[in-house]
Amino acid sequence: MVNHSQVKNLVKILIGAAWIDGRIQPEERQYLREIAQAKGLASDPEIKPWLYELVPVKPSQCYEWVREYLGDRPSLEECENLIEAISGLIYSDGEVAIEEAKLLTTLQELSKSHDSTQPVYTPLLKQIQKLYRRWVDVQN
């Protein structure tokens, strides 16, 4: 069962992921506000300054939130769920910034290193990994 603190941390991570390339796109802004509203966090005093772009989020803060959210030994499922949530945000504007791709790659590596009992990636992780590597190669 997911508690309120975990939901709040997930929304913070999504806000951080939107900021990771230095700016929030209009589609990302809309996506974030819909998620915050659906989770009952749109007027939360901790979330509100970031959600309404009163305070920017630095990439290092986003990665710190990810570490706090996943803990020391995240399961493959936890990493997959976070990748899926962040992917929804990233795809909302139709663009994938290099910084966004790096964040997802970091999460994939984390899931790989912390769950050695899984013999192979799940099909979802394989597809995301291929997509982002191909996209990063095209950008370089």
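Notes on the structure follow. (Residues numbered from 1 in each chain as written. Predicted model: local features only at pLDDT ≥ 70, side-chain atom pairs only at ≥ 80, totals over all residues. Heavy atoms only, no water.)

On to the overall build of the chain. The helix and strand inventory of the chain stands at 7 helices and 0 strands. Sequence-ordered secondary structure for the chain, helices as α and strands as β, is α-α-α-α-α-α-α. The buried share of the chain, taken over its 140 residues, is 40%. By sequence separation, contacts in the chain at least 24 residues apart represent 71% of the contacts at least 6 residues apart. For the chain, the exposed area adds up to about 8,000 Å²; of that, 52% sits on carbon and sulfur atoms. (Helix = DSSP H or I, 4+ residues; strand = E, 2+ residues; numbered from the N terminus. Buried < 20%, exposed > 50% of the residue type's maximum accessible area, 1.4 Å probe, protein only. Contact = heavy atoms within 4.5 Å. Areas by Shrake-Rupley, 256 points an atom, 1.4 Å probe, with all protein chains shown as cover.)

Quick look at the packing of helix 1 (residues 4–19) against helix 5 (residues 76–91) now. Relative to each other, helix 1 and helix 5 sit at 45°, their axes nearing to 10 Å. Here helix 5 runs oblique to helix 1, going by the angle between their axes. The hand of the helix 1/helix 5 crossing is right-handed. Contact residues: L10, I13, L14, A17 and A18 in helix 1; L82, A85, I86 and L89 in helix 5. A per-class count over the contact of helix 1 with helix 5 returns 9 nonpolar, no polar and no charged. (Axes fitted to C-alpha atoms, helices over the stretch in contact; angles between N-to-C directions. Parallel < 35°, antiparallel > 145°, perpendicular 65-115°, else oblique. Left-handed = near helix turned anticlockwise from the far one by under 90°. Nonpolar A, V, L, I, M, F, W, Y, C, P; charged D, E, K, R; others polar.)

Time to look at the pattern of salt bridges. Throughout the structure, instances matching the rule amount to 5 salt bridges. The closest approach of N and O atoms between K12 and E46, which form a salt bridge, is 3.0 Å. Here the residue K12 occupies a position in helix 1, and E46 occupies one in the loop between helix 2 (26–38) and helix 3 (48–51), the gap between them amounting to 34 residues. One salt bridge connects E53 with R29, and the closest N-O pair in it is separated by 2.4 Å. In this pair, E53 is assigned in the loop between helix 3 and helix 4 (59–70) and R29 in helix 2, connecting sequence segments 24 residues apart. (Salt bridge = Lys/Arg side-chain N within 4 Å of Asp/Glu carboxyl O.)

The next thing to look at is helix 4. Taking 1.5 Å as the rise per residue, helix 4 with 12 residues should run 16 Å; its terminal C-alpha atoms sit 17 Å apart, in good agreement. Taken as a whole, helix 4 has its buried residues at C62, W65, V66 and L70. One side of helix 4 holds all its buried residues, which, seen down the axis, span an arc of 120°. The outward face of helix 4, more than 90 degrees from its buried face, is lined by the exposed residues S60 and R67. Positioned one or two residues after helix 4, G71 has a phi angle of 75°, which is positive. (Expected span 1.5 Å × (residues − 1). Arc of directions from axis to C-beta.)

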